[in-house]
Amino acid sequence: MHLSAHLFILFVLLLPMSSFAAEPAEIVCIQCHSTMPGKIGEPVKLWKGSIHAENGIACNACHGGDPKDAANAMSPARGFLGAPKEAAIPAFCGRCHVGVLKDYLASAHGKALGKGGPTCVTCHSNHLVVKASLDIINEKRCSQCHSFERARVIRDAMQETEAMIVAIDKRIAAYKGNGVDTESLEKSLFAVRNRFHTLFHNVDVGMVKKESAGIQADLKKIQDQLKALDDSRQKRKIAGAVVVSAMLLLALFAHLLRKTFD
Amino acid sequence: MALLKRLIDWIDVRIGAREVVAKELTGYLLPRNINTWYSMGSILLFIFVLQVVTGILLLIYYVPDADKAFKSVTYIMNEVPFGWLIRMCHVVGSSMMVLVLLFHMISVLFMNSYKSPREMNWLTGFILFTLVQGISLTGYLLPWSQLSFWATTVATNSANAIPVVGPYLVEFLRGGKLVGPPTLGRFFALHVALIPLGIAAVVGAHLFFLQRTGVSTPPFGLKDTTNRWKGDGYSYESHPGGIPFFPNYALEDLRSIFIYLACFLAVVYFDPYLFFTRDSFIPANPLQTPAHIKPEWYFLANYQTLKIFPSEFIGLAVQGAGMTFLALLPFIDRTKERHPLKRPLFMICAIGGIMLWIGLSVWGHYS
């Protein structure tokens with residue numbers, strides 16, 4: 001065959017390959033499971049709406065296995081773990097969420113593990129993983145196991161602190177946009193926020209209330225620093241009003257003096 | 001008082017101070033119908049001095065090093081006593097300088113003072129206009145913020161459109177392929193040494209020409225506005241029976257300067273962020289382009305012009321032609337008539353030009 005004919009065939013063969021290469025390849029887990037019916041296909045759909053999908057955490061990050069090799073994807077030799085038994089769920093999630101696991105195990109929820117107590121997925125669900133937030137503490141979720149009364153008290157205590165943190169964060173951002181050196185304020189808020197987040201897996205009402213009070217006292221310190229900034233801004237404005245008035249008076253004086261020379 | 005008189009006498013004996021005062025101040029007569037627009041030049045001189053003084057104060061703490069520049073500006077704004085005031089004055093002052101300069105140019109344009117024999121005044125003024133744009137552009141980079149970095153990237157990039165030499169010119173301006181530490185070094189040198197010296201020298205020439213030709217008579221309120229100068233020999237336009245510069249017009253200048261200061265300080269104290277965006281307070285990051293990069297307000301028309309033409313080269317050429325036309329205006333506009341209301345074609349062109357500039361700026365702002 002002629003050389004140009006060889007090249008043409010090569011081109012035709014390469015064409016579909018190149019069009020595939022343009023799209024980022026999905027991992028094999030999703031390629032197979034998304035087409036499967038029922039319980040085996042469901043996790044893919046749920047995962048797509050989860051905080052994990054949003055952050056790029058895919059199947060193999062939790063379940064192990066080889067996401068690139070369809071034939072051996074679920075081979076234990078490649079690190080495939082499958083689904084954990086109920087009692088093993090906290091340890092399963094805790095491989096990444098180390099601090100949360102500790103807080104959970106220390107709480108009443110964690111102590112009831114294996115005795116009918118909730119695991120991570122009870123509140124956060126398994127594949128449609130919900131982001132940790134105060135919204136999770138709601139009547140529907142909590143009353144699966146017990147009445148909402150105690151949970152409501154905890155939630156109220158935390159909500160107030162959360163609102164304070166959000167408001168302070170906004171004020172710091174506004175000052176940052178005005179060239180104020182907010183580094184130390186941001187660091188303090190970061191530390192307080194972390195401390196606040198450890199409360200999320202504590203279910204001891206007294207403890208949450210006590211901790212919240214401590215956190216709010218720390219937030220108050222940041223608020224005081226912001227107040228000092230507000231005060232100095234206010235002082236600058238007063239000084240500005242004085243200076244601008246002085247200039248206008250001087251302008252008037254020059255104008256009147258000018259008139260005397262007509 | 002006696003002591004003061006003795007001091008003046010002592011100086012007078014040595015340099016003839018009273019003669020200089022009589023010639024340049026009290027005896028220096030200005031046209032009777034002189035107006036407030038004539039004090040724009042004095043305001044500009046005052047702003048220039050203020051920029052030099054605040055600039056020198058900023059230099060004490062500013063560090064022209066890409067790793068330290070942003071931190072040093074943050075330090076000036078937060079730690080140095082009244083550092084924020086000095087910096088805000090310098091930043092707001094730069095925008096105000098361009099604004100007053102535009103007013104100065106527009107007043108000269110509408111009073112037709114650029115006409116023969118004042119071509120040299122207009123030309124030096126035009127050079128000052130470009131130098132002020134240059135000093136603003138170079139100053140913009142120094143805080144090494146996201147805004148600085150990306151505005152300079154966009155501004156230097158437009159030189160790319162010039163055929164053949166474009167890419168070399170961009171590399172020369174930046175001191176490398178991209179905006180980086182060498183760009184900061186050369187912009188710093190331009191901003192604090194070369195351009196200020198240039199401006200001072202051209203201001204000297206501008207005032208020298210003003211002094212040699214004499215102040216032009218405003219075309220308003222006078223029946224006879226014809227220029228008697230025929231261009232055949234040097235003549236000084238004196239104003240017999242006019243008002244003395246000192247104290248009369250000097251007080252008017254002073255009044256204008258105080259009014260300017262009131263406006264300027266009102267911005268500095270109450271809304272200094274008028275000329276800032278959020279990106280001005282984020283350190284430069286060459287790996288992250290902010291969403292909306294826009295130049296300073298006075299470059300918005302240029303920026304929009306580059307965008308509306310299909311090729312950047314045409315956009316640049318149109319701007320070059322516009323600037324050349326403005327620079328050579330006194331040589332193109334040869335009529336003797338100086339009253340704007342008696343020159344309909346001139347009025348249409350001048351107002352049309354200003355409207356076009358404002359329109360392009362607004363379009364650039366919202367695009």
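Reading the values: rules and limits
- Residues numbered from 1 in each chain as written.
- Chains lettered and ligands numbered in written order.
- Predicted model: local features only at pLDDT ≥ 70, side-chain atom pairs only at ≥ 80, totals over all residues.
- Heavy atoms only, no water.
- Contact = heavy atoms within 4.5 Å.
- Buried area = accessible area lost by both parts, 1.4 Å probe.
- Salt bridge = Lys/Arg side-chain N within 4 Å of Asp/Glu carboxyl O.
- Polar contact = N/O pair within 3.5 Å; in protein donor to acceptor, adjacent residues only side chain to side chain.
- Helix = DSSP H or I, 4+ residues; strand = E, 2+ residues; numbered from the N terminus.
- Nonpolar A, V, L, I, M, F, W, Y, C, P; charged D, E, K, R; others polar.
- pLDDT = per-residue confidence, 0-100.

## Some points on the interface of chain B and chain A
At step 1: Counting residues at the interface gives 23 residues for chain B and 25 residues for chain A.
At step 2: When the buried area of chain B at its contact with chain A is split by residue, Leu251, Phe258 and Tyr269 of chain B rank highest and sum to 24% of it.
At step 3: The interface formed by chain B and chain A contains 2 salt bridges.
At step 4: Among the ionic pairs, lysine 71 of chain B bridges to glutamate 183 of chain A, the shortest N-O distance being 3.5 Å.
At step 5: Scanning the region where chain B abuts chain A turns up 9 residue pairs in polar contact (both at pLDDT 80 or more).
At step 6: Mapped by element, the contributors of at least two residues to the side of chain B that touches chain A are α4 (69-78) and α10 (245-270) of chain B.
At step 7: The biggest single contributor to the side of chain B that touches chain A is α10 of chain B, with 14 residues.
At step 8: Here the side of chain B that touches chain A is composed, by residue class, of 16 nonpolar, 3 polar and 4 charged.

## Some words on the confidence of the model for chain A
At step 1: Here chain A shows a mean pLDDT of 86. Residues at 70 or above account for 90%.
At step 2: Per-residue pLDDT, averaged within each element of chain A, yields its smallest value for helix α1 (residues 3-21) of chain A (50) and its largest for helix α13 (residues 205-259) of chain A (96).

## A look at unusual backbone geometry
Excluding glycine, residues mostly carry a negative phi; peptide bonds, for their part, are mostly trans.
Residue and element names in this part refer to chain B.
At step 1: Cis peptide bonds are those with omega within 30 degrees of zero, and the linkage from serine 116 to proline 117 qualifies with 10°.
At step 2: Among the structural elements, proline 117 can be located in the loop between α5 (83-110) and α6 (119-141).
At step 3: Geometrically, the link from phenylalanine 246 to proline 247 is a cis peptide bond, its omega value of 5° lying close to zero.
At step 4: The backbone of phenylalanine 82 sits at a positive phi, close to 60°, despite the residue not being glycine.
At step 5: You will see that valine 164, though not glycine, has its phi angle at about 65°, which is positive.
At step 6: Tracing the backbone shows valine 164 in the loop between α7 (146-157) and α8 (166-174).

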